[in-house]
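One-letter residues, chain by chain:
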Amino acid sequence: MDLFEYMRSTNMEKESPLAARMRPRTLEEVVGQEHIIGKDKLLYRAIKADKISSVIFYGPPGTGKTTLAKVIANTTSAEFTQINATIAGKKDMEEVVNKAKELQGMYGKRTILFIDEIHRFNKGQQDYLLPFVEDGTVILIGATTENPYFEVNSALISRSIIFELKPIPREAIEELLKKAVYDKDRGMGSYDAEIEQDALEFLADISGGDARHALNAIELGILTTNRSEDGKIHLTLDVAQECIQKRAVRYDKNGDNHYDTISAFIKSMRGSDPDAAVYYLARMLYAGESITFIARRIMICAAEDVGNADPQALVVATNASMAVERIGMPEAQIILSQAATYVATAPKSNASCNAVFAALAEVEKSGNLPIPTHLQDAHYKGAAKLGHGTGYKYSHDYPNHYCEQQYLPYELSGREFYSPDGNGYEVKIKEHMARIKREAKEGIPKTD
């Protein structure tokens, strides 16, 4: 690096955005992601030992994908080269590969190639890299916000370790924001600003685990807010709301408002009011509630309040839960809306829910009553000699695949736990059960 390049690099570091200046330089400075960079984890050990292999970092914006690549750059003895897939082409990769071959041949030095937004490379560009990753000419570090199993060449995937980064915890972002406000070396400490606690909590919460988003708001607030009479810049809740262009909603995830809102959401679905259900859904989404938490509540409501009146409700809710985990925000809100409105408009029955509670109460009352001998397993050693399974009637040998025999313990003969309601699909369940029992009594022969 010549003098002019050094001066340019130094000036850029001083004048770069706050989020770039606050980027961790060592593993110890990285916040969050303990599941992959905890001291006993593979990635931590590999970086510390300078034995990194090809990896792909996958996660939402602002969670530290580029940061981890920079940390590796600061700790490795290998040549580190960075390109961005949105602007780089095959010629850029050819230059990197040729230089890597030269360094490897002349000095035995490895080359790490960091490709940001790797999912933006087309199949041909990704295919070009494959042989050089395979033979070790370059060690690939890819970063992507998209699911790599969908967007990255499967051959590259098979030669890389995938590390999924999670949204940064709110508490960690709060600490990062405080450091950004008061740090005079890399932060905004020289501006003599103060951030109020409610503004700090709001920004940390509303950022949704995106540290860059929160830091950009802090920088904008300090640079655009006039000094008060005491000579300081005060970052209030109003300033924070203006900088992030979102109004604070009174919603403490550990307080009454949280429980009140989720209660209203569930009761609206139970009460078959899709408008109210989607309204409370929107309130929770706006306030930054966990989408997986919301999805869990929809699944519970589908089983508890819809039940067998519409068995598809649980299918929809469960698939929605898997989909929001795979897709994430903002699109997850569309999936949650579909699931919530489906459950809200489905016919309702809590008969299957009541059944298990009634059965649990009976088990608690009467204990483990003897299982009828004909239902017991006859296959394990010596069981048949004891008479286990003797007299069992195979249901498929009878009309309607049903025959009358004792299934409950004899002490509970005739006891009913599940009584299908007269609503939705349970009407058909009730009619079906009544028909097969009636025809069994009448002795109607098997026709299939």
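Data block above holds the structure.
Basis of the calculations
- Residues numbered from 1 in each chain as written.
- Predicted model: local features only at pLDDT ≥ 70, side-chain atom pairs only at ≥ 80, totals over all residues.
- Heavy atoms only, no water.
- Helix = DSSP H or I, 4+ residues; strand = E, 2+ residues; numbered from the N terminus.
- Buried < 20%, exposed > 50% of the residue type's maximum accessible area, 1.4 Å probe, protein only.
- Polar contact = N/O pair within 3.5 Å; in protein donor to acceptor, adjacent residues only side chain to side chain.
- Contact = heavy atoms within 4.5 Å.
- Pairing = 2+ DSSP bridges.
- Disulfide = S-S within 2.5 Å.
- Axes fitted to C-alpha atoms, helices over the stretch in contact; angles between N-to-C directions.
- Right-handed = clockwise from strand over helix to strand, strands pointing away.
- Patch = residues over 30% accessible without salt bridge, like charges linked within 9 Å, V, L, I, M, F, W, Y side chains within 5 Å.
- Areas by Shrake-Rupley, 256 points an atom, 1.4 Å probe, with all protein chains shown as cover.
- Salt bridge = Lys/Arg side-chain N within 4 Å of Asp/Glu carboxyl O.
- Lys, Arg positive; Asp, Glu negative; His and termini not counted.
- Charge placed at Lys NZ, Arg CZ, Asp CG, Glu CD.

Chemist: Can you lay out the side chain of Gln 126 for me, pointing to particular residues and giving the numbers?
Modeler: Relative to the assigned elements, Gln 126 resides in helix α7 (residues 123-134). Gln 126 sits in the buried class, given a relative accessible area of 3%. At 3.4 Å, the side chain of Gln 126 forms a polar contact with the backbone oxygen of Glu 151. Among all residues touching Gln 126, those that are not within four sequence positions of it are Ile 118, Phe 121, Glu 151, Val 152, Asn 153 and Leu 156.

Chemist: If you had to explain the pairing of strand β1 (residues 55-58) to someone new, which residues and values would you point to?
Modeler: Alternating residues of β1 divide into Val 55 and Phe 57 and Ile 56 and Tyr 58, and every residue in both groups is buried. Relative to strand β4 (residues 139-144), β1 is paired through 4 bridges, and the arrangement is parallel. Within β4, the residue paired with Ile 56 across the bridge is Gly 142. Bridge analysis of β1 against strand β5 (residues 161-164) gives 4 bridges, and the strand direction is parallel. Bridge pairing in β5 links Ile 56 to Ile 162.

Chemist: Requested: an account of the state of the cysteines, with residues and values cited.
Modeler: Counted according to the given criterion, the structure contains 0 disulfides. Summary of cysteine pairing: Cys 301 is not part of a disulfide, and the nearest cysteine sulfur, belonging to Cys 353, is at 11 Å. Its relative accessible area of 1% is what places Cys 301 among the buried residues.

Chemist: For the sheet that holds strand β3 (residues 111-116), give the residues involved together with the corresponding values.
Modeler: Strand pairing in a sheet relies on backbone hydrogen bonds, with the paired strands running either antiparallel or parallel. Taken in spatial order, the 5 strands line up as β2-β3-β4-β1-β5 in an open sheet, and their pairing is parallel. The sheet terminates laterally at β2 (79-84) and β5, the two strands that pair on one side only. Neighbour to neighbour, the strand axes of the sheet diverge by 15° on average, direction disregarded. Each of β1, β2, β3 and β4 is contacted by helix α5 (residues 65-75), which is oriented at about 145° to β1, the strand it contacts most. The strands touched by helix α6 (residues 90-107) are β2 and β3; relative to β2, the strand with the most contacts, the crossing angle is about 175°.

Chemist: An account of the pairing of β4 is needed here, citing residue identities and associated values.
Modeler: The buried fraction of β4 amounts to 6 of the 6 residues, a majority that puts the element mostly inside the structure. Here β4 shows a buried face lined by Ile 139, Ile 141 and Ala 143 and a second buried face lined by Leu 140, Gly 142 and Thr 144. For the crossover from β3 across α7 to β4, the handedness is right-handed.

Chemist: I'd like to hear about a negative patch on the surface, residue by residue, with values.
Modeler: A contiguous patch of negative charge on the surface is contributed by Glu 196, Asp 198, Glu 201, Asp 238 and Glu 242. Within the fold, Asp 238 resides in helix α13 (residues 237-244).

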